[in-house]
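# Report on the structure
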Amino acid sequence: MKLIYSTTSPFARKVWVAAIKLGLRDQITLEVANPLRNADVVSAANPLGKVPALRINDDQVVINSPVICQFLQRRAKNNVDLHQPSYMALDTTERVHTLADGIAEAAFMTVMEKQRPAEHQSKLWLGRWSQAIKRALTMIESGDIELLKNTPESIAEIALASALGYIDFRLPENDWREENPAIAQWYQEVIRDSELQETAPAD
């Protein structure tokens, strides 16, 4: 299998961390490609022009990070279940996973908008994406954070750590820690995980 991978994408990072934890590292090769700088490579695997994309063979490709993670889960042989960990209900895992992906998406759209000339940037959309990140973190801070472990043993924790890592990397001015001390404390511990260390975003 070949994973079309960007070193800055929180979605690609989530998939690769999941693959490693599921014991599938040796079955997957990485093809690093940026959706903008290597658009032809990315689009050849995923017609939507997005990473990650998992090429199974010449005829089969899996796209969309949650779908790829589910596919990898079914291929795992090491008895690790990232989607239904023993300490977290399925609905909680799916909720936090979805919120984390939404945070990552809003952060990504913010980064793209801020690359436009200042006079053309939309204050409306920047505000909406900022508020989406804030509301999602508030929801996790107010309840779900108590269920998360300090080692990423579920897809929810991997996704949240990946999203927060992307914010720190691309939007360091977003001081999400101030309003979310419980998440900040959790993140300080979970980011020590070896797979997260290995996959830290880099240009």
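For the structure, see preceding data.
I will try to describe carefully the structure that is included in this document. This structure is a prediction, so every number in the text was calculated from the model and none was measured.

Right, let's get into the overall build of the protein chain. When helices and strands are tallied, the protein chain shows nine helices and four strands. Beginning at the N terminus, the succession of helices and strands in the protein chain can be written as β-α-β-α-β-β-α-α-α-α-α-α-α. By the compact-globule yardstick of 17 Å for 203 residues, the protein chain fits well, its C-alpha radius of gyration being 17 Å. Along the first, second and third principal axes, the C-alpha atoms of the protein chain reach 45 × 40 × 25 Å. The 203 residues of the protein chain split such that 48% are buried. Pairs at least 24 residues apart make up 68% of the contacts formed inside the protein chain by residues separated by at least 6 positions. Of the roughly 10,400 Å² that the protein chain leaves accessible, carbon and sulfur atoms contribute 50%. The average position of the 22 basic charges and that of the 27 acidic charges among the side chains of the protein chain differ by 3 Å.

This part is about the pattern of salt bridges. Inspection of the entire model under this criterion finds 12 salt bridges. Residue Asp-144 is joined to Arg-95 by a salt bridge in which the shortest nitrogen-to-oxygen separation is 2.7 Å. With Asp-144 in the loop between helix 5 (123-142) and helix 6 (155-170) and Arg-95 in helix 4 (residues 90-114), the pair connects residues that are 49 residues apart, well separated along the chain. Counted as one network, the salt bridges with shared partners bring together Lys-21, Asp-193 and Glu-195.

Position of Lys-14 among the secondary structure elements: in helix 1 (residues 10-21). Reaching out from Lys-14, the side chain makes a polar contact with the side chain of Ser-65 at a distance of 2.8 Å. Setting aside chain neighbours within four positions, we find Lys-14 in contact with Ser-65, Pro-66, Cys-69, His-97, Asp-101, Ile-155, Ile-158, Ala-159 and Ser-162.

This part covers the environment of Gly-23. Summarising the element assignment, Gly-23 is placed in the loop between helix 1 and strand 2 (29-32). Along the backbone, Gly-23 and Glu-94 are 71 residues apart, and their C-alpha atoms lie at a distance of 22 Å.

The mixed open sheet is built from four strands, whose spatial order is 2-1-3-4. In the strand order of this sheet, the two ends are held by strand 2 and strand 4 (61-63), each with one partner. Taking each pair of neighbouring strands and ignoring which way they run, the sheet shows an average axis angle of 20°. Judged from the three bridges that link them, strand 3 (residues 53-55) and strand 4 form a sheet pairing that is antiparallel. Paired with Leu-54 across the bridge in strand 4 is Val-62. This element, helix 1, spans strand 1 (2-5) and strand 2 of the sheet and lies at about 150° to strand 1. Helix-sheet contacts for helix 3 (residues 65-75) involve strand 3 and strand 4, and the interaxial angle to strand 4 is about 125°.

About the thresholds
Residues numbered from 1 in each chain as written. Predicted model: local features only at pLDDT ≥ 70, side-chain atom pairs only at ≥ 80, totals over all residues. Heavy atoms only, no water. Helix = DSSP H or I, 4+ residues; strand = E, 2+ residues; numbered from the N terminus. Rg over C-alpha atoms; globule rule 2.2 N^0.38 Å. Buried < 20%, exposed > 50% of the residue type's maximum accessible area, 1.4 Å probe, protein only. Contact = heavy atoms within 4.5 Å. Areas by Shrake-Rupley, 256 points an atom, 1.4 Å probe, with all protein chains shown as cover. Lys, Arg positive; Asp, Glu negative; His and termini not counted. Charge placed at Lys NZ, Arg CZ, Asp CG, Glu CD. Salt bridge = Lys/Arg side-chain N within 4 Å of Asp/Glu carboxyl O. Polar contact = N/O pair within 3.5 Å; in protein donor to acceptor, adjacent residues only side chain to side chain. Pairing = 2+ DSSP bridges. Axes fitted to C-alpha atoms, helices over the stretch in contact; angles between N-to-C directions.

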